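Chain residues, written in single-letter form:
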Amino acid sequence: MAPAKKLGSPVELPDCRRTVLPKKLLPSVSFHDDPARPEFVKHGSPYDQVDRVFFGLNPPWNNVHAIEFKDGFPVGFLIHQKVESKNIPLDRIRQVSHKNVLSLEEVYFLKGNIYFLYNQWGITLNEIGQLSPVFNLSEVEVAVICKAILQGLIYIHEDLDTCYGDLTLSNVLITDQGDVKIAGIGNSLLQKPNPLGKARDVQAVCRMAQNLLTPRKTSTYAAQQDFLLKISLVLHQQQRQRAFFS
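Conventions used here
- The written sequence of each chain sets the order in which its residues are numbered from 1.
- Predicted model: local features are reported for residues with pLDDT of at least 70 only, side-chain atom pairs are reported and counted for 80 or more only, and whole-chain, interface and lining totals are derived from all residues.
- Values shown for side chains rest on all heavy atoms present in the structure; no hydrogens or waters enter the calculation.
- Buriedness for pockets is judged along seven lines, at least five of which must meet protein on both sides within 12 Å for an open set on the 1 Å grid over protein atoms alone, while cavities are sets there where a 1.4 Å probe fits but cannot get out, and lining residues have an atom within 4 Å of a point.
- Grid points are joined across faces, edges and corners, and a volume is the space filled by probe spheres set on the points.
- Secondary structure elements follow DSSP: runs of H or I no shorter than four residues count as helices, runs of E no shorter than two count as strands, and numbering proceeds from the N terminus.
- The residue classification treats Ala, Val, Leu, Ile, Met, Phe, Trp, Tyr, Cys and Pro as nonpolar and Asp, Glu, Lys and Arg as charged. All others, Gly included, are polar.
- If DSSP finds at least two bridges between two strands, the strands pair.
- Working rule for contacts: check all heavy atoms of both residues, and any pair within 4.5 Å makes them a contact.
- Lines are fitted to the C-alpha atoms to define the axes, a helix being fitted only along its stretch in contact, and any angle between axes, read from their N-to-C directions, falls within 0 to 180 degrees.

S.K.: Looking at this model, I keep getting lost on the layout of surface pockets. Mind explaining?
M.R.: Any empty space left between atoms is shown by rolling a water-sized probe over those atoms. One number sums up the size of the largest pocket: a volume of about 340 Å³. For the lining of the largest pocket, the secondary-structure elements that each account for two or more residues are strand 4 (73–82), strand 6 (113–118) and helix 3 (185–189). Taken together, the residues of the lining of the largest pocket break down into six nonpolar, twelve polar and one charged.

S.K.: Can you walk me through the sheet that holds strand 8 (residues 172–174) in this structure?
M.R.: Adjacent strands of a sheet form backbone hydrogen bonds with each other and so pair up, either parallel or antiparallel. Spatially, the three strands line up as an open sheet ordered 7-8-9, and their pairing is antiparallel. Strands at the two margins of the open sheet, each flanked by one partner only, are strand 7 (123–124) and strand 9 (180–182). Pairing analysis gives three bridges linking strand 8 to strand 9, with the strands arranged antiparallel. Note on strand 9: the bridge partner recorded for Val172 is Ile182. Strands in contact with helix 2 (residues 139–158) are strand 8 and strand 9; relative to strand 9, the strand with the most contacts, it is inclined by about 40°.

Pasting the structure below:
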């Protein structure tokens, strides 16, 4: 009588095969076929991610289309938009590292859509302005905010080599830690560098200061405006002297 056959352990078998899923079945995984694509830029949709929960906002809140929650706390803020061009300039998308610019956590692209995920948010200067006359920022507070915005713009203009474009009170946040941050940098990274756009960014800061200070109409308003203009001039003259901001 022949002995009964016994199946060996799959670990001990000489040919241990693994099932390899094709890339098309995992569109949200970051692939490295394109060496110019940063690791945090991924093909697919964030909504298709396993074990991640997004709550959509309709209409969007401060340009945010969805908020990611984990353990009951918001951990991500998603902004997405249509991209008309068939070739998305992924080589322009890069990690952002500056205390006054809201950094990108992840970027997804799929079928003419691009998704920018940020890991924090805050209250916009536009929302703060809407609290007037119940609450108004002081002239010193406005000056501090504008200086922080200009520092962020220098980083965008020099290190990222682009302009922000259409900078308004709705694009600047005050986080719960009290930090001033320029939001929505993802869309700016897709734009081509424009020297005139950089000058318009600085002009936008002066308009923002005027909008924040106008409700007060204090006697020192003109002096404050002159002070803000001097800040913008000094900062742009010393763009390469980074020690000025340390």
